[in-house]
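# Fold and geometry: a report
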Amino acid sequence: MSANPAASFTTDFATALIERHRFEEAFVFWHARHADDAPGALAALAALSREAARGRQHQLAASYHAMHTALRRGSRWYPGMLAERLLALHDVAVTSHRLRHDAAQLAYLHQLGVLGDAFPPIIARYRRLAARLETRFENRQFTRHAPARPDRRALLSTDEQDAIDEAYDRIIHLRPTPCVAQPFSSHALAAARRSQPAHGITVIDDFLSEQALDELWRFCVQSTIWFAEQGHGRLGASYDHGFNCPLLVQVAQGVFDDGRQLLNIRAGKHPPRLPGESLHGAVEGYKVQLWLTPDTANLEPAGGGMVVRDQDGRTRHIPYRRNRAVLFDARLAHGAASCHFRDDHASARIEVALLYASK
């Protein structure tokens, strides 16, 4: 943080407001600091959230993450304060896949009545730009064996950037999703907290309560938080860039009762068809992976889940099922299985991953 006394006072005062859940007032103060030192303000919030997480103050950590999101990803629709001083986008590299995904989500939200009449023109601009990028890449292909890839990045011209600047890479809508009275099913916590089997993998069906499952799925489908592109059309959402709501924190906090530290929360969204991932691992910690999309969206019910190489060296194929949680040592080699889901916005395969410190 800055050594400037006035800046330090602003930071300390804004932090106190966050701790007292006075978010709007805190946003004004943090924004004032952000205007002069954007990287410093964001780094300070990230450090505060990590410190709160280490102290098991998960709600406070979530508040710092929410402030980071509002400053880094704010739009004139969210959080709606000081919208005239948004961060400008610079040297934006986009993919046609991401543009088409965002257009489909905005159209879905407009159809639900969540977004107003300002959005059909924005959706149209996204789609026109996606088509333009696809044509641009097709014209650059020199052989039949090098088809244009929808996740190939392109830098935008100034005019192209201006056409989407107010909405692209920003949060337009963050669905309010509060805590629920009963987040887990009656058997889930006992199963999660018992000793791990010898092979190191626990599968728990019907993990969340019906209310918590439906609310969390709707949060993921409706919230415009899918900023990370991970290849082959996969998108990701992270804790410090919008994947953050009271219910999610309630679930992450409640899985274990042994005081283990929550290290990370993220979500992944897959395209309708995806080849199986190469197995990866070597991450320190303990992972809980949970699937949210209704089973009716899965066109190959025997697959669509994940592959894990257990502690005995055997490869286990775990089929997709809504509300199925897979708990395992994150060092085990694992990856998503190939999937084939319905091709509409609400049918995308969505998974939530919670990473904890090992005991």
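Residues numbered from 1 in each chain as written. Predicted model: local features only at pLDDT ≥ 70, side-chain atom pairs only at ≥ 80, totals over all residues. Heavy atoms only, no water.

## Concerning the overall build of the protein
- On a plain count of helices and strands, the protein comes out with ten helices and 14 strands.
- In the protein, which comprises 359 residues, the proportion classed as buried is 52%.
- When contacts within the protein are restricted to residue pairs at least 6 apart in sequence, those whose partners lie at least 24 apart make up 78%.
- Carbon and sulfur atoms provide 51% of the accessible area of the protein, an area that totals close to 16,700 Å². (Helix = DSSP H or I, 4+ residues; strand = E, 2+ residues; numbered from the N terminus. Buried < 20%, exposed > 50% of the residue type's maximum accessible area, 1.4 Å probe, protein only. Contact = heavy atoms within 4.5 Å. Areas by Shrake-Rupley, 256 points an atom, 1.4 Å probe, with all protein chains shown as cover.)

## Description of the packing of aromatic side chains
- Under the criterion given, the structure shown has eight aromatic pairs.
- Centroid distance Y320 to F341: 5.2 Å. Interplanar angle 90°. Geometry classified as edge-to-face. Pair noted here: Y320 is in the loop between β10 (315-318) and β11 (325-329) and F341 is in the loop between β13 (339-340) and β14 (349-356), with a separation of 21 residues, a long-range link. When sorted by exposure, Y320 lands in the same class as F341, which is buried.
- In this structure an aromatic cluster arises from ring pairing among F256, Y286 and Y356.
- Here the guanidinium or amino end of R260 rests over the ring plane of Y286, the centre of that ring lying 5.3 Å away. (Phe/Tyr/Trp six-rings, centres within 6.5 Å; stacked < 30°, edge-to-face > 60°. Lys NZ or Arg CZ within 6 Å of the ring centre and 35° of its normal.)

## Regarding the nonpolar core
- With 70 residues, the main nonpolar core has L99, Y126, F207, L208, F243, V255 and L292 as its most contacted residues.
- Considering every element that reaches this core, the biggest residue donor is helix α6 (residues 119-139), with eight residues.
- Apart from the residues lying within four places of it in its own chain, the contact partners of F207 are F184, S185, A188, A192, V255, L290, N323 and A325.
- Within the second largest apolar cluster, 18 residues are counted, among which are A26, W30, L42 and L71. (Core = buried A, V, L, I, M, F, W, Y, C linked by side-chain atoms within 4.5 Å.)

## A closer look at the layout of surface pockets
- By volume, the largest pocket is sized at about 460 Å³.
- Lining the largest pocket are 20 residues, with A62, A66, N244, C245 and P246 positioned closest to its centre.
- Among the secondary structure elements, those contributing two or more residues to the lining of the largest pocket are α4 (58-73) and α10 (246-254).
- When residues of the lining of the largest pocket are assigned to their parent elements, the largest contribution, five residues, is made by α4.
- When its residues are assigned to classes, the lining of the largest pocket shows twelve nonpolar, seven polar and one charged. (1 Å grid on protein atoms, 1.4 Å probe; cavity = no way out; pocket = protein on both sides within 12 Å on 5 of 7 lines; lining within 4 Å. Points joined across faces, edges and corners; volume = space filled by probe spheres on them. Nonpolar A, V, L, I, M, F, W, Y, C, P; charged D, E, K, R; others polar.)

## Here we look at empty space enclosed by the protein
- Counting across every chain of the model gives three cavities of 30 Å³ or more.
- The space that makes up the largest cavity amounts to roughly 100 Å³.
- Residue contributions to the lining of the largest cavity peak at four residues, all from helix α5 (residues 96-112).
- Of the residues assigned to the lining of the largest cavity, the class counts are seven nonpolar, two polar and four charged.

## Re the packing of α5 against helix α9 (residues 210-222)
- For the pair α5 and α9, interaxial distance at closest approach is 10 Å and the crossing angle is 120°. Looking at the two axes, α5 sits oblique to α9. Across the interface between the two elements, Q105, Y108, L109 and L112 from α5 touch C220, V221 and Q222 from α9.
- Residue composition of the contact of α5 with α9, by class: five nonpolar, two polar and no charged. (Axes fitted to C-alpha atoms, helices over the stretch in contact; angles between N-to-C directions. Parallel < 35°, antiparallel > 145°, perpendicular 65-115°, else oblique.)

## Observations concerning the pairing of β11
- Judged by how many residues are buried, β11 sits mostly within the fold: five of five residues are covered.
- Inspection of the sheet shows strand β3 (residues 201-204) paired to β11 by four bridges, in the antiparallel sense. Bridged to I204 within β11 is A325.
- In this structure, strand β8 (residues 286-291) lies alongside β11, joined through five bridges in antiparallel fashion. Across the sheet, the residue bridging to K287 is F328, located in β11. (Pairing = 2+ DSSP bridges.)

## Describing α4
- Over its 16 residues, α4 runs 21 Å from end to end, which matches the ideal 22 Å to within 8%, given 1.5 Å per residue.
- With 13 of 16 residues buried, α4 is to be regarded as a mostly interior element. (Expected span 1.5 Å × (residues − 1).)

## Notes on a nonpolar patch on the surface
- A contiguous nonpolar surface patch, about 230 Å² in accessible area, is contributed by F13, V28 and F29.
- Summarising the element assignment, F29 is placed in helix α2 (residues 23-36).
- Residue class for F29 comes out partly exposed when judged on its relative accessible area of 30%. (Patch = residues over 30% accessible without salt bridge, like charges linked within 9 Å, V, L, I, M, F, W, Y side chains within 5 Å. Salt bridge = Lys/Arg side-chain N within 4 Å of Asp/Glu carboxyl O.)

## Structural notes on the confidence of the model for the protein
- Here the protein averages 86 in pLDDT, and 88% of its residues register 70 or above.
- Of all secondary-structure elements in the protein, the lowest mean pLDDT belongs to helix α1 (residues 5-19), at 62, while α9 reaches the highest, 98.
- Across residues 1-7 the pLDDT falls below 50, and counting only partners more than four positions away or on other chains, this stretch makes nine contacts in the model.
- Note on residues 142-146: pLDDT under 50 across the span, and one contact to partners over four residues away in sequence or across chains. (pLDDT = per-residue confidence, 0-100.)

## Remarks on the pattern of salt bridges
- In the structure shown here, the tally under the stated rule is 24 salt bridges.
- The salt bridge partner of D205 is R321, with a shortest N-O separation of 3.1 Å. Residue D205 is found in the loop between β3 and α9, and its partner R321 is found in the loop between β10 and β11; the two are separated by 116 residues along the sequence.
- For D205, a relative accessible area of 22% corresponds to the partly exposed category.
- R321 sits in the partly exposed class, given a relative accessible area of 31%.
- Between R321 and D206 there is a salt bridge, with the nearest N and O atoms lying 3.7 Å from each other. Pair noted here: R321 is in the loop between β10 and β11 and D206 is in the loop between β3 and α9, with a separation of 115 residues, a long-range link.
- Assessed through its relative accessible area of 35%, D206 is described here as partly exposed.

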